[in-house]
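Examination of the molecular architecture
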Amino acid sequence: MSVLNVNNIICRHGLMTALRGVSLEIHAGEVLCVIGANGAGKTTLMRALAGAHIPDAGQILFQGRDITRQNAHTRVRGGIAMSPEGRRLFADMTVRENLMIAGENGQNGDWTLDRVLTAFPQLVPLIDKQAGGLSGGQRQAAAIGRALMANPDVLLLDEVSLGLSPAAVEGVYASLAEIRDTRVMAMVIVEQDLSRSLAFADRILCMAEGEIKLAGSPADFTKDQITDAYFGIQNEAPADV
Amino acid sequence: MNSPDLQSHLVARRLRKSYGSLKALDDVSFHVGKGEAVGIVGPNGAGKTTLFGALAGSFPVSGGQITFAGDDITHDPAETRCAMGIARTYQVPRPFLGMTVFENVMVAARAGGGLSAAPATDHAAKILEQTGLFALANTPAAALGLLDRKRLEVARALATSPDIILLDEIGGGLTEAELVQLIALIQSLKDNGMTIVWIEHILHALIKVIDRLVCMAEGRVLAAGDPNAVMQNADVRRAYLGSTPE
Amino acid sequence: MFEQLLQAILQGALLGGYYAIIAAGLSLMFGVVRFINLAHGDLSILGALITLSLVQILGLPVLAAIAVMLPLMAVIGWLMHMFLFERAMKGGFLLPILVTIGLGAALQNGMFGIWGSDTRSLGASIGSLAWSSWYLPGGIILGKLPVLIFGTAVIVIGALHLMLKRTGLGRAIRATASDPEAAELCGVDARQVHRAAAAIAVGLAAIAGVFLAMRAQITPYSGPAQLIFAFEAVVIGGIGSLGGTLIGGIILGLSQTLGGLISAQMSLLSGHLVFLGVLIWRICREEKLAHGGWRAGLKAVLGLSSKRRKLASGDLS
Amino acid sequence: MTDYSIRPIPQFDRAIIAGAGMAFVVFGLLPMFGSALVVDKLTMLFIYIILAVTWNLLAGYAGLVSVGHQAFVGLGAYMMLRMVEAGVPPFIAIVAGGAVIALIAWPMAAFVLRLRAGEFAIAMWVLAETIRSLVMLDPYIQGETGRSLVVLNAYDPDMRRNTIYLMALVLAGAVIVISYRLLHGRLGGETQAIRDDEEAAGSVGVSTFRVKRIIFVLSAVGCALAGTLWLASAITFQPRTAFGIQWSVFMLFMVLVGGLGSILGPILGAVLFMTLQVIFGDFGVWYLAGLGIVAMLFALHVPRGIVGLLSEKMGREPITMQKLLNPKRT
């Protein structure tokens, strides 16, 4: 059953078109990884799903209802939560407060402060520290935890491993794997680490220049197909890189 | 082509810039020789645009030193650096929206180029011609499309008669034909002796013009040198693609 | 002499409580909504005049009048934000200033039209509180009203602080202040939070207005002066912290009463001078950081930069 | 290479400029047949024009909204008073009292121009209050009471009225012409560049602080001249009126309603303001409250004012500073 349907959305940033007619379907409980080079439109797609960027055309259906023009906070209350690019924690508030805000304003469910701390044990000693002072990995854990606190049906995670040390990436993905394996919420993950995406996702989506170039199960593609789609090279002479 | 005989023109030593606890620039050293063309690549949030801001004087740095043609310019404001010959473009174009294209370029020619009215008009007209904006000279900048705004960024920077031009992602969003024109323009600037530093995601465009490539990630320089060698560098591939797929 | 000084210090500190209340509203709007409301002082006077009318015309007890007036003013704040400020904020930084100064002019003259030019005071309606004092050893006289006002200020600011720290609304307000979009992504309706902040800010202004009317005479044109005091307290104390606002208010109160020891005219002036001093110091410090040293910074402030410009030699042909 | 030239001033604009020139001459001859009342009202109109044009220079072109420029109105008047007391002939003091304000505004700019938008606006207001308090410390001013320019009573009333009228006319004309010329030159482009995007302006070589300072000082002098002229026609100097916030409200009203950031706007705004004052002035405070509401409505709904509406009708703005390039294919 598909929980989220995106039909041919177009998003512009002022004069620049960031998404040129993107359609996709997300099934309940599945993990979808979005990959692609800088400027491919991944973040805009995530923001459009979360309601932070209202599309200029097209339609978004959530559990069959049209939410295209719904604003972000209403979507959070309806069951779509995002950990945005750059984490965007509230720097002068404590980790606990960061988590509580989403808990107070999101859906009710079994993701509570305790459960988030069980899933991300690295946050336990930091719970009353200011979010501004955390390291990259801690921030990411807090940001994902914050999104989980809203008890979403669809969890959107932008740039999961960007800027993290390998150890921190391992930690975050270990926690995410547990959530994935419960198969309760759908996850859409923007991930720069290609092999990580291929290993973690049920499906991958490769974007370039505001369009989906490749979509399907990781097993369906060769490494070259993915790398080419990644750099937006289509049947051109191979790049020098 | 990090040839030692090239006189280093613009040099940044151990630049640091923090926003709160975020280190946008973490000990970045960078140099470009006179007449050289250097490309900068790196993932989002690598600090490329911050480096440009620091070099052009858009904000004070938290530490480090910048010299231009031997002068310490670390604490000079943007306008002084512009008058000395450093011009920049913005990644998201920032035209003066209340003015026409011609007026935008005129301001740069007069203020940054130090020209008086008549020569500035000639200079501005020439640059409008060169950047393909002449037909739009009297159009209000607010009415321009993205592509023309990017052209205007370049035109305005050129109007200040710079020694060195810092180009920030001017190729993004262009069609292949437009990209070819852009590459030709930048190549001609280089042929005329202008020093070029170019941030660009479109690698195949970049590689046609540059002598040297710098790759940044997380506010640091990962690798610098021959473009092909840099792109083969394991750190660089990891920063771009994560670990490469097996 | 020493007694007089001590007396002035006490009075100044107590006066600071009043400034802190009106400044807290301005600071809240500035910190959360990033909006400077130039009609803040006039709204404070409006609150006072409404209370006055409720007491003197309808014969309500003062506390009851305040209880009626406060929700009314909060609703006015909410509606003003909804219909005026939200629109103004979309138009860049010019429009809020233009709109709120226009609003201020409309309020001042409108209040004059309704209530007339007479100076008014609540002093007569609060019985002995207006003039009775405690006599402390050492000849120190402590007015009961200033103590009450200061106490209320501490309670109001403390309550506001607790609200911001401990309640869901408070967390939503702080989150919105720090990053409105991230707050939206956590399910917070940033627009409603802004409206709530405006309502609280106007409520605070109104409380301050009532206190002003209790301890002094007011006219429909008293608002601008209150705005200036509030702004001074906010800048002296540092924007964005309630504790700072209280301290800023106290410093302003102290400078005014201490200045008042010299002459009546020096009272307001010394407050302004302390404010300007803080501002100049802040600017110089910023320039020092930007230019790498006090000397270079000061030169930059004064426009004496000694660097000679070279004209670019590169030309393209 | 395409040949080009700078496009000449359009016919319609030339007609307006010629009309303004003729109006100037007619106004110059008016004292010979106009009644004392008309002369007084027009003197006030010219003062308002000076205020509106200078405030527009600051807010409309440089993007600096000050609600404290009454500081300079009051200071101009005060300077004139002091100069006359020191023996300077009053009609000379009208100009000198205004000009000398540049010496105060120049160092002041060093600090206030470093403040951000809203802070600049209120800090200017605090400065105005501070300066008023300082002026009131001068024993000659006698605190709130103020002082009158009694020397002027020595002159024949008609001669006095007409001289002040002509000076106001000439100064208003000068303020208009100077700001027009200035904005047409290099400074105009630089000022607008700063208003549109200060950082980008710096990056193309505009000395942002220097330009803002020049505009700030000019606007201060303009307001000070309005202050001296106002004192000369009103005779009495009261600190509370001379440094009153109402000057800012008036300037704001005229510029907003006429058209912020246009050449004609403030002049049209001043004429409209004067007209409203003559018609509705008797309604007192309700009239003033109405001004505030109208200013608010214009700011929200007609941000480009009457000139904006005119431009929409005509398809272009009358009397712009726009420089247009005229391509002639060869």
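Per-chain numbering applies: the sequence of each chain, read as written, is numbered from 1 onward. The naming scheme follows written order: chains are lettered A onward, ligands numbered 1 onward. Confidence filtering applies because this is a predicted model: local features only for residues at pLDDT of at least 70, side-chain atom pairs given and counted only at 80 or more, and all residues used for totals across whole chains, interfaces and linings. As a convention, hydrogens and water are excluded, and side-chain values are obtained from all of the structure's heavy atoms.

**Focus: the overall build of chain A**
This is how it is decided: Strands are runs of DSSP state E lasting at least two residues, helices are runs of H or I lasting at least four, and both sets are numbered from the N terminus onward. Throughout, the radius of gyration refers to the C-alpha atoms, and the reference size of a globule is 2.2 Å times the residue count to the power 0.38. Whether two residues are in contact is decided by their heavy atoms, any of which lying within 4.5 Å being enough. Method for areas: the Shrake-Rupley scheme with a 1.4 Å probe, in which residue coverage is limited to the protein chains shown.
The secondary structure content of chain A amounts to eight helices and ten strands. By the compact-globule yardstick of 18 Å for 241 residues, chain A fits well, its C-alpha radius of gyration being 17 Å. By principal-axis analysis of the C-alpha atoms, chain A measures approximately 55 × 40 × 35 Å. Taking contacts inside chain A between residues at least 6 apart in sequence as the whole, the part at least 24 apart equals 67%. Looking at chain A as shown, the accessible area adds up to about 9200 Å², and 49% of this sits on carbon and sulfur atoms.

**Section: the overall build of chain B**
We count it as follows: Each residue is placed in one exposure class: buried if its accessible area under a 1.4 Å probe, protein chains only, is under 20% of its type's maximum, exposed if it is over 50%, and partly exposed if it falls in between. Charge convention: Lys and Arg are scored as positive, Asp and Glu as negative, and His as well as the terminal groups of each chain are ignored. A single reference atom marks each charge: NZ on Lys, CZ on Arg, CG on Asp, CD on Glu.
Counting its secondary structure elements, chain B contains nine helices and ten strands. Relative to the globule expectation of 18 Å for 246 residues, the C-alpha radius of gyration of chain B, 18 Å, shows essentially globular dimensions. When its C-alpha atoms are laid out on the principal axes, chain B stretches across 55 × 40 × 40 Å. Per-residue burial for chain B yields a buried fraction of 61% across its 246 residues. Long-range pairs, those at least 24 residues apart, make up 65% of the contacts in chain B with a sequence separation of at least 6. A distance of 4 Å separates the average location of the 22 positive side-chain charges in chain B from that of its 25 negative side-chain charges.

**Some details on the pattern of salt bridges**
Condition: In what follows, salt bridge is the name for a side-chain nitrogen of Lys or Arg lying within 4 Å of a carboxyl oxygen of Asp or Glu.
Taken as a whole, this structure holds 36 salt bridges over all chains when the rule is applied. One salt bridge connects Glu 286 of chain C with Arg 116 of chain D, and the closest N-O pair in it is separated by 3.8 Å. Note that Glu 286 of chain C is positioned in helix α11 (residues 264-291) and Arg 116 of chain D in the loop between α5 (102-112) and α6 (117-137), a pairing that runs across two chains. Note on Glu 286 of chain C: relative accessible area 34%, which makes it partly exposed. Through salt bridges with shared partners, one network takes in Arg 47 and Arg 88 of chain A together with Asp 179 and Glu 181 of chain C.

**Topic: the packing of aromatic side chains**
Inclusion rule: Stacked, edge-to-face and tilted labels apply to pairs of Phe, Tyr and Trp rings (six-membered ring for Trp) whose centres lie within 6.5 Å, assigned for plane angles under 30 degrees, over 60, and everything in between, in that order. Definition used: whenever NZ (Lys) or CZ (Arg) falls within 6 Å of the ring centre and also within 35 degrees of the ring normal, the charge is taken to sit over that ring.
Throughout the structure, instances matching the rule amount to 19 aromatic pairs over all chains. Centroid distance Tyr 19 of chain C to Phe 229 of chain C: 5.1 Å. Interplanar angle 55°. Geometry classified as tilted. One end of the pair, Tyr 19 of chain C, is in helix α1 (residues 2-33); the other, Phe 229 of chain C, is in helix α9 (residues 223-237), and 210 residues separate them in sequence. On the basis of relative accessibility, which here comes to 3%, the residue Tyr 19 of chain C falls in the buried class. Residue Phe 229 of chain C is classed as buried on the basis of its relative accessible area of 9%. Residues Phe 91 of chain D and Tyr 155 of chain D carry aromatic rings whose centres are separated by 5.2 Å and whose planes lie at 70° to one another, so their mutual orientation is edge-to-face. Of this pair, Phe 91 of chain D sits in helix α4 (residues 90-99) while Tyr 155 of chain D sits in the loop between β2 (147-148) and α7 (157-184), and the two are 64 residues apart along the sequence. On the basis of relative accessible area, Phe 91 of chain D is assigned to the buried category, the value being 15%. An aromatic cluster is built from Tyr 48, Trp 230, Trp 247, Phe 250, Phe 253 and Phe 273 of chain D, whose rings are joined through pairwise contacts. Arg 146 of chain A extends its terminal NZ or CZ atom over the ring of Phe 90 of chain A, reaching a point 4.8 Å from the ring centre.

**Considering the pairing of strand β9 (residues 212-217) of chain B**
Residue and element names in this part refer to chain B. Here is the rule: For two strands to be treated as a pair, DSSP must find no fewer than two bridges joining them.
When you tally the buried positions in β9, you get six out of six residues, the bulk of the element. Here β9 shows no split at all, with Arg 212, Val 214 and Met 216 on one side and Leu 213, Cys 215 and Ala 217 on the other all buried. Two strands pair when backbone bridges link them, and strand β3 (residues 37-41) and β9 are joined in this way by four bridges, in the parallel orientation. Residue pairing across strands places Ile 40 opposite Val 214, the latter belonging to β9.

**Description of the interface of chain C and chain D**
Note the threshold: The buried area of a pairing is the accessible area, by a 1.4 Å probe, that goes missing from both parts when the two are put together, added over both. The definition of a polar contact used here is a pair of N or O atoms within 3.5 Å, where within protein one atom must be able to donate a hydrogen and the other to accept one, and adjacent residues in sequence count solely through side-chain atom pairs. Side-chain classes are defined by residue name, with Ala, Val, Leu, Ile, Met, Phe, Trp, Tyr, Cys and Pro counting as nonpolar, Asp, Glu, Lys and Arg as charged, and the others, Gly among them, as polar.
Each partner contributes to the interface: chain C provides 46 residues, whereas chain D provides 43 residues. Buried area between chain C and chain D, summed over both chains or domains, comes out near 4100 Å², and the portion from carbon and sulfur atoms is 79%. In terms of surface lost to chain D, no three residues of chain C exceed Leu 98, Ile 101 and Gln 265 of chain C, which account for 14% of the buried area on that side. At the boundary of chain C with chain D, the tally comes to two salt bridges. The partner of Arg 282 of chain C in a salt bridge is Glu 119 of chain D, with the nearest N and O atoms 3.1 Å apart. At the boundary of chain C with chain D, the tally comes to two residue pairs in polar contact (both at pLDDT 80 or more). Elements supplying a minimum of two residues to the side of chain C that touches chain D: α3 (62-89), α4 (94-115), α9, α11 and α12 (294-302) of chain C. Ranked by the residues each element gives to the side of chain C that touches chain D, the list is headed by α4 of chain C, at 15 residues. Residue classes in the side of chain C that touches chain D are distributed as 34 nonpolar, six polar and six charged.

**Quick look at the domain arrangement of chain B**
Interfaces are frequently sized by the accessible area removed from exposure as the parts join. Residues and elements named next belong to chain B. The cut-off we apply is this: Where each domain starts and ends comes from a domain assignment, either automatic or drawn from a database.
Under the domain assignment, chain B is made up of domain 1 (1-85 + 163-246) and domain 2 (95-161). Centre-to-centre, using C-alpha coordinates, domain 1 lies 24 Å away from domain 2. With 15 residues of domain 1 at the interface, the matching set in domain 2 holds eleven residues. Both faces considered, domain 1 and domain 2 share a buried interface measuring about 970 Å² in area, 69% of it formed by carbon and sulfur atoms. Scanning the region where domain 1 abuts domain 2 turns up zero salt bridges. Between the two partners, domain 1 and domain 2, sit one residue pair in polar contact (both at pLDDT 80 or more).

**Brief notes about the packing of helix α3 (residues 101-111) of chain B against helix α8 (residues 186-196) of chain D**
Here is the rule: In this analysis an axis means a line fitted to C-alpha atoms, helices contributing only their contacting stretch, and an angle means the value between N-to-C directions, from 0 to 180 degrees. Every angle not falling under 35 degrees, over 145, or within 65 to 115 is termed oblique; those three ranges are roughly parallel, roughly antiparallel and roughly perpendicular. Here a crossing is taken to be left-handed if its near helix is turned anticlockwise relative to the far helix by less than a right angle, and right-handed if that turn runs clockwise.
Relative orientation of the contacting elements α3 of chain B and α8 of chain D amounts to 115°, with a least axis distance of 9 Å. What the angle tells us is that α3 of chain B and α8 of chain D run roughly perpendicular. For α3 of chain B against α8 of chain D, the interelement crossing comes out left-handed. Along the contact surface, α3 of chain B presents Val 107, Arg 110 and Ala 111 of chain B, while α8 of chain D presents Arg 186, Gly 189, Glu 190 and Ala 193 of chain D. Taken together, the residues of the contact of α3 of chain B with α8 of chain D break down into three nonpolar, one polar and three charged.

**Describing the side chain of Glu 232 of chain C**
Summarising the element assignment, Glu 232 of chain C is placed in helix α9. It turns out Glu 232 of chain C is buried and unbridged, and the closest side chain with the opposite charge, Arg 132 of chain D, is 10 Å from it. Among the polar contacts made by the side chain of Glu 232 of chain C, one reaches the side chain of His 272 of chain C at a distance of 2.5 Å. Other than its neighbours up to four places away in sequence, Glu 232 of chain C contacts Leu 252, Gly 271, His 272 and Phe 275 of chain C together with Val 126 of chain D.

**Quick look at the arrangement of the chains**
In this assembly, five pairs of chains are in contact, and the pair with the greatest number of contacts comprises chains C and D. Across all C-alpha pairs, the smallest distance from chain A to chain D is 17 Å, and the two are not in contact.

**Looking at unusual backbone geometry**
Residue and element names in this part refer to chain A. Its identity as a non-glycine residue notwithstanding, Asn 8 has a phi of 55°, on the positive side. Relative accessible area serves as the criterion here: at 47%, Asn 8 is assigned to the partly exposed category. Positive phi, normally seen in glycine, also occurs at Arg 87, with a value near 70°. Here Arg 87 lies in the loop between β6 (80-83) and α3 (95-105). Assessed through its relative accessible area of 8%, Arg 87 is described here as buried.

**Description of the sheet that holds strand β10 (residues 220-225) of chain B**
Residues and elements named next belong to chain B. Judged by pairing direction, the sheet is mixed, and its six strands sit side by side in the order β6-β7-β8-β3-β9-β10 without closing on themselves. For this open sheet the edge positions go to β6 (86-88) and β10, each flanked by a neighbour on one side alone. Direction aside, the axes of adjacent strands within the sheet are offset by 15° on average. In this structure, strand β7 (residues 164-168) lies alongside strand β8 (residues 195-199), joined through five bridges in parallel fashion. Bridge pairing in β8 links Ile 164 to Thr 195.

**Points about the packing of α3 of chain C against α4 of chain C**
Residues and elements named next belong to chain C. The geometry of α3 relative to α4 is characterised by a closest axis approach of 7 Å and an angle of 145° between their N-to-C directions. Note that α3 runs across α4; the crossing there is right-handed. Across the interface between the two elements, Met 80, Leu 84, Phe 85, Ala 88 and Met 89 of α3 pack against Leu 95, Pro 96, Val 99, Thr 100 and Leu 103 of α4. Residue composition of the contact of α3 with α4, by class: nine nonpolar, one polar and no charged.

**As for helix α14 (residues 285-301) of chain D**
Convention followed: To estimate how far a helix should reach, multiply one less than its number of residues by 1.5 Å.
With 17 residues, α14 of chain D ought to run about 24 Å at 1.5 Å a step, and its terminal C-alpha atoms sit 24 Å apart, in line with that. Among all positions in α14 of chain D, only Val 285, Tyr 287, Ala 289, Leu 291, Gly 292, Ala 295, Met 296, Phe 298, Ala 299 and Leu 300 of chain D are buried. Residues of α14 of chain D that are buried in the fold lie against α3 and α4 of chain C together with α12 (246-258), α13 (264-280) and α15 (305-314) of chain D.

**Observations regarding the sheet that holds strand β8 (residues 186-190) of chain A**
All names here are of chain A. The strand order β6-β7-β8-β3-β9-β10 describes an open sheet built from six strands, whose pairing is mixed. Both outer strands of the open sheet, β6 and β10 (211-216), are each paired with one neighbouring strand and no more. Mean inter-strand twist for the sheet, computed between neighbouring axes without regard to direction, equals 20°. With respect to the sheet, helix α1 (residues 42-50) is in contact with β3 (31-36), β6, β7 (154-157), β8 and β9 (203-208), its orientation differing from that of β6 by roughly 145°. Helix α6 (residues 166-182) rests against β3, β7 and β8 of the sheet, and its axis sits at about 150° to β8.

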